[in-house]
Amino acid sequence: VRPDEASLIKKIQLHASDLQLVIREEGKTPDLIVSGVVTEMKSRHPNGSLGVDLAKANVQLLSHARRHGLAVGTGAVAVDLLRRSKVPVAEVLSTINNFAAANALGFSRVEVYAGARRRVFVRGKNGLFYLTRG
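Residues numbered from 1 in each chain as written. Predicted model: local features only at pLDDT ≥ 70, side-chain atom pairs only at ≥ 80, totals over all residues. Heavy atoms only, no water.

J.: I'd like to hear about helix 2 (residues 50-68), residue by residue, with values.
T.: Given a rise of 1.5 Å per residue, 19 residues ought to cover 27 Å, and the 27 Å separating the end C-alpha atoms of helix 2 matches this to within 8%. Within the span of helix 2, buried status applies to Leu-50, Asp-53, Leu-54, Ala-57, Asn-58, Gln-60, Leu-61, Leu-62, His-64 and Ala-65. Of the surrounding elements, those touching the buried residues of helix 2 are strand 3 (37-44), strand 4 (75-81), helix 3 (89-102) and strand 5 (107-114). (Helix = DSSP H or I, 4+ residues; strand = E, 2+ residues; numbered from the N terminus. Expected span 1.5 Å × (residues − 1). Buried < 20%, exposed > 50% of the residue type's maximum accessible area, 1.4 Å probe, protein only. Contact = heavy atoms within 4.5 Å.)

As structure tokens, this is what we get:
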């Protein structure tokens, strides 16, 4: 586990009582199972792109679901916005919804961490993501 991954796992643990680390198939397997949901972790560096992170995570989640006969679209993505103190909600929501409109999805939940803060975005029945408290 890389240092940025260890940091993100610690943040996730604050909100999840059931956390399992997945043995890696490089580039193929989501990193965690959080409360029964396969979850891909990404750390976004200041000059990185959330859209690129979502695309990479999505490929891994779709591949994993198909390979193991799991329901497609039920995974999650956890993103740590490194060196940010708060989550830019409007920007993140716009990026997620633009990505969702153009792609088949392997996830229905995106958790975004910045510093000690966490924001959760879930996919509604209309296909759009929205900010939730959960």
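J.: How would you sum up the pairing of strand 4? Please name residues and give values.
T.: With respect to burial, strand 4 is a largely interior element, seven of its seven residues being buried. Of the two faces of strand 4, the one lined by Gly-75, Val-77, Val-79 and Leu-81 and the one lined by Ala-76, Ala-78 and Asp-80 are each fully buried. With six bridges connecting them, strand 3 and strand 4 associate as parallel partners. Across the sheet, the residue bridging to Thr-39 is Ala-76, located in strand 4. In terms of handedness, the path from strand 3 via helix 2 over to strand 4 forms a crossover that is right-handed. Bridging between strand 4 and strand 5 involves six bridges; their strand directions are parallel. Paired with Ala-76 across the strands is Arg-109, a residue of strand 5. Since strand 4 and strand 5 lie parallel, the crossover through helix 3 that links them has a hand, and here it is right-handed. (Pairing = 2+ DSSP bridges. Right-handed = clockwise from strand over helix to strand, strands pointing away.)

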